There are 2 protein chains.
Amino acid sequence: MTELVGNVLVGQSGGPTSVINASVAGVVTEALNHACIEEVYGTLNGVLGILQEDLIDLASESQQAIRALRHTPGAALGTCRYKLKKQQDFDRVLEVFKAHNIRYFFYAGGNDSQDTADKISKLAQQQGYELRVIGIPKTIDNDLPTTDHCPGYGSVVKYLCTTVREVSCDNQAMGQGDLVQIIEVMGRSAGWIAAGASLAKRRDHPNDPPHLIYLPEVAFTTEKFVADVKRVLAREKFCSIVVGEGLVDADGNYISAGAKTDAFGHAQLGGAGSYLQGLVEQHLPGTKARLVTLGMAQRAAAHCSSKADNDEAFLAGQAAVKAAIDGETDKMVTLVRGDTDHYTCETGLAPLAEIANGVKKLPKEWVNEDGVSMNFQFLRYAQPLIQGEVALPYENGLPTFAHLDKVRADKLLGPYEV
Amino acid sequence: MTELVGNVLVGQSGGPTSVINASVAGVVTEALNHACIEEVYGTLNGVLGILQEDLIDLASESQQAIRALRHTPGAALGTCRYKLKKQQDFDRVLEVFKAHNIRYFFYAGGNDSQDTADKISKLAQQQGYELRVIGIPKTIDNDLPTTDHCPGYGSVVKYLCTTVREVSCDNQAMGQGDLVQIIEVMGRSAGWIAAGASLAKRRDHPNDPPHLIYLPEVAFTTEKFVADVKRVLAREKFCSIVVGEGLVDADGNYISAGAKTDAFGHAQLGGAGSYLQGLVEQHLPGTKARLVTLGMAQRAAAHCSSKADNDEAFLAGQAAVKAAIDGETDKMVTLVRGDTDHYTCETGLAPLAEIANGVKKLPKEWVNEDGVSMNFQFLRYAQPLIQGEVALPYENGLPTFAHLDKVRADKLLGPYEV
């Protein structure tokens, strides 16, 4: 393998997580260790920044700022949901890469982003432009194939479980057998996040909240829901429900009104919680139904992120650079769990084509027969992912986050219309 | 003053906060310092527990459990929204007090709870039963008169501001001038909580999120709202909005559908956030409006509580006992701010009658002329209340909370129908 001398470009894509910036910090930190890497650029707003040549000089950021990225939520480089469609778009990407001598491209994102990285990589190969492309997994949805789990998932579960425990203390104080608490969480096509709420139960306390977890993997019926809630209310003072936004009925229709689709054709959801709230009011008169919609807060909750998750996100960024330096390309970094009882995690690599647009479903055999709780296989899987707390710097009572200088790289090409 | 020998009863009432248990811990800890106090009872679910003689022996709880109460959200004794109505109810309370030789009654709650405490105190005086009644302020709403601020408020503001900062990192990454983020918070009749979100702005960064704060104190109009949002979207990549659930129009009508009333005749709200979301979609086509509804999570977020608030809640519990031992009765503990630039807080006392059903409004002169941001007077008031972090014990990646044994005191009377 010959040494490839050139510049790095790193980008972020899709919905942010509370640890995706840790992956960028991993890339920048590792890249600066290698003499063959000359400049380290970031693209603003993913592929949009490439098309429009909006690149920033990450090496000129202060070390403090890069360090602060490790605990800063959101996507500090900006992100996008723009999908490269026309051949012209792909040609422009290569043109920009050539102009800025980008030889290493790292893209942190979910399924669609890995697909984009794969297409860019293949095009470069076709055109004989030497480029090493490594994807970095990112998604709170935890639905990427080939990796044991995804950076971002452990932190959203930790935040959700903390919220379930805390809200349940409140519910328990208020409930007189007439209180239903619904917490709606994200999860478009898989119930990984909602399932994660089961970690909120103390060991050997199966009746701890959340009492009912509704997953997209289990067809929803109103009859069973009403019976479930009645059963819990008779047993407990209140009924704690966690529901994934992607809940579907037996025909696969979303249990929520007004489904729309995004640029990738995925359904944009929301409203499953309100829907269940309405069912409670309709079928259980006199019962109060309270709703918490965590929305963006769940994927941004850096103050409650998992140290294991945060460390692995950083590690994945580092591993991407190391792999590319070693001559790898057209791969995504994967997280590989050791096979001992004591949890360990190393990184591996998988072809981008295997990840692109694939979906890892929550195994149905990890759901208990009651359809509303998870068994020990899930708990064994998820428990290690929420371990440890990240110490944030506080100033004036609030956490402080990174603010990048974002020094622009000179534009070398003409403008481009997207 | 003669020493009054007898038993203590402590209760919690109304909506819990993340620090109301700290006040109970303060009562229990202080009570056990005084030889004239024999037993320390807790009433389960406030006045309901008194009526039904559901009392627990708090002195028999482990020291660990009482210590853990200091960081446990919810109301560990249970709470209620039951209002003592008939004379028979009040007579029963006195009967239970006499049966259990309750000579010290401490009630942590909001306006209605202080009213209840006042009535019980007056009845005991009428009947010549020596009883010392001290209220302990509690409410995230921060709307009790005579006290500088209320335990519970600082913590909800700290959690809200943390959430605003984090969600804004996410919004900034996603926004392309077409994203409106709405965070709905509690606040039935006063905008204290929503106003608190202004602390999320960094000093000297007036354009930091939240960009728009909608308060019940400022009459809402759709025209101004749409203009506000357009102005922010033109200036920033996204528009961050915090809205109090109690938003009203110029005629005082709530800006939300389906208002109901609770047992005290207060409107039960919710939906102001959805309403604004609808307005954005209707008036700004192509703009995405995302909603976070913090609901119960905001008043239960012990993992993000303010140390200043937590300490003051404990202090208020201790102060209640000290005052009663000193012969005070029919008073509520107040928090008194020192008049130096360096924030200090001591406790005082105010007659219960002055608090009962009074409401402390957010001063209108603390709202900027734009109607959607707060001025330095508010910031100076609220800034000290969110200082400091509370270290929670973690086990298996999650905070652990107190679980009381709740050893029941023997019932000495017959049953009572509520």
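This text follows the structure it describes.
Residues numbered from 1 in each chain as written. Chains lettered and ligands numbered in written order. Predicted model: local features only at pLDDT ≥ 70, side-chain atom pairs only at ≥ 80, totals over all residues.

Caption draft 1: View of the overall build of chain A. In terms of regular secondary structure, chain A is built from 13 helices and 15 strands. Taking 22 Å as the expected radius of gyration for a compact globule of 418 residues, we find that chain A reaches 22 Å, a close match to that expectation. Expressed as a percentage of the 418 residues in chain A, the buried residues total 58%. Partitioning the contacts of chain A with sequence separation of at least 6, the portion at a separation of at least 24 is 77%. (Helix = DSSP H or I, 4+ residues; strand = E, 2+ residues; numbered from the N terminus. Rg over C-alpha atoms; globule rule 2.2 N^0.38 Å. Buried ≥ 20, exposed ≤ 12 C-beta atoms within 10 Å, placed from the backbone. Contact = placed C-beta atoms within 7 Å.)

Caption draft 2: Highlighting the relation of the copies chain B and chain A. The two copies are related by a screw operation: chain B maps onto chain A through 180 degrees of rotation and 0.0 Å of translation along the axis, at an RMSD of 0.0 Å. Such a combination of rotation and displacement between the chain copies is what one expects of a two-fold axis. Closest approach to the rotation axis within chain B is made by the C-alpha atom of B:Thr293, at a distance of 2.4 Å. Both copies present the same face, since 100% of the interface residues in chain B are matched by interface residues at the equivalent positions in chain A. (Least-squares fit on C-alpha atoms with pLDDT ≥ 70 in both.)

Caption draft 3: Region of the structure containing the packing of helix α6 (residues 153-174) of chain A against helix α11 (residues 307-325) of chain A. Residues and elements named next belong to chain A. Close contact between α6 and α11 brings their axes to 7 Å; oriented N to C, the two are set at 160 degrees. Between α6 and α11, the interaxial angle falls into the category roughly antiparallel. The element α6 and its partner α11 pack so that their crossing is left-handed. Every residue of α11 that contacts α6 at Tyr-153, Gly-154 and Ser-155 is listed here: Ala-308, Asp-309 and Asn-310. Considered class by class, the residues forming the contact of α6 with α11 number 2 nonpolar, 3 polar and 1 charged. (Axes fitted to C-alpha atoms, helices over the stretch in contact; angles between N-to-C directions. Parallel < 35°, antiparallel > 145°, perpendicular 65-115°, else oblique. Left-handed = near helix turned anticlockwise from the far one by under 90°. Nonpolar A, V, L, I, M, F, W, Y, C, P; charged D, E, K, R; others polar.)

Caption draft 4: Focus on the sheet that holds strand β3 (residues 55-57) of chain A. Residue and element names in this part refer to chain A. With respect to topology, 7 strands assemble into an open sheet ordered β3-β2-β1-β4-β5-β12-β13, the strand pairing being mixed. Of all the strands in the sheet, the pair left with one neighbour each is β3 and β13 (345-351). When the angles between neighbouring strand axes are averaged without regard to direction, this sheet yields 30 degrees. Taken together, the 2 bridges between strand β5 (residues 132-137) and strand β12 (residues 331-337) define a ladder with parallel strand orientation. (Pairing = 2+ DSSP bridges.)

Caption draft 5: Molecular detail of the interface of chain B and chain A. Listed as interface residues are 48 residues of chain B and, on the opposing side, 48 residues of chain A. Sorting the residues of the side of chain B that touches chain A by element identifies α6 (153-174), β11 (288-293), α10 (295-300) and β15 (398-399) of chain B as the ones contributing at least two each. Residue contributions to the side of chain B that touches chain A peak at 13 residues, all from α6(B). Tallied by class, residues from the side of chain B that touches chain A come to 23 nonpolar, 18 polar and 7 charged.

Caption draft 6: A look at helix α8 (residues 222-235) of chain B. All names here are of chain B. Its 14 residues place the ends of α8 20 Å apart at the C-alpha level, agreeing with the 20 Å of an ideal helix rising 1.5 Å per residue. Among the residues making up α8, those that are buried are Phe-225, Val-229, Val-232 and Leu-233. Axial view of α8: buried residues confined to an arc of 100 degrees, hence all on one face. Of the residues in α8, the exposed ones pointing more than 90 degrees away from the buried face are Glu-223, Ala-227, Ala-234 and Arg-235. In this structure, the buried residues of α8 make contact with β6 (179-185), β7 (212-214), β8 (238-244) and α9 (272-283). (Expected span 1.5 Å × (residues − 1). Arc of directions from axis to C-beta.)

Caption draft 7: The packing of helix α4 (residues 87-99) of chain B against helix α5 (residues 111-126) of chain B, seen in detail. Residue and element names in this part refer to chain B. In contact at an axis separation of 10 Å, α4 and α5 are set at 70 degrees when each is read in the N-to-C sense. In terms of their interaxial angle, α4 and α5 are classed as roughly perpendicular. Note on element contacts: α5 touches α4 through Lys-119, Ile-120, Leu-123 and Ala-124, opposite Phe-90, Val-93 and Leu-94. Its residues placed into classes, the contact of α4 with α5 shows 6 nonpolar, no polar and 1 charged.

Caption draft 8: Seen up close, the environment of B:Val133. Residues and elements named next belong to chain B. With respect to the helices and strands, Val-133 occurs in strand β5 (residues 132-137). A C-alpha to C-alpha distance of 38 Å links Val-133 and Gly-271, two positions 138 residues apart in sequence. What Val-133 contacts, discounting residues up to four positions off in sequence, is Phe-105, Ala-117, Ile-120, Ser-121, Thr-329 and Asp-330.

Caption draft 9: Seen up close, the sheet that holds strand β4 (residues 102-109) of chain B. Residues and elements named next belong to chain B. Taken together, 7 strands build an open sheet; the order of strands is β3-β2-β1-β4-β5-β12-β13 and the sheet is mixed. Among the strands making up the open sheet, the edge pair consists of β3 (55-57) and β13 (345-351). The sheet shows a mean angle of 30 degrees between the axes of neighbouring strands, direction not considered. When strand β1 (residues 6-12) meets β4, the two strands line up parallel, connected through 6 bridges. When the sheet's bridge partners are listed, Leu-9 is paired in β4 with Phe-105.

Caption draft 10: Just the environment of A:Leu398, in detail. All names here are of chain A. Along the chain, the position of Leu-398 falls in strand β15 (residues 398-399). For Leu-398, a count of 22 C-beta atoms within 10 Å translates into the label buried. Once the C-alpha coordinates of Leu-398 and His-303 are considered, the two residues, 95 residues apart in sequence, prove to be 9.7 Å apart.

Caption draft 11: How the structure looks around α9(B). All names here are of chain B. Over its 12 residues, α9 extends 16 Å from the first C-alpha to the last, a length consistent with the 16 Å expected when each residue adds 1.5 Å. The set of residues buried in α9 consists of Ala-272, Gly-273, Leu-276, Gln-277 and Val-280. End-on view of α9: buried residues confined to an arc of 145 degrees, all on one side of the axis.

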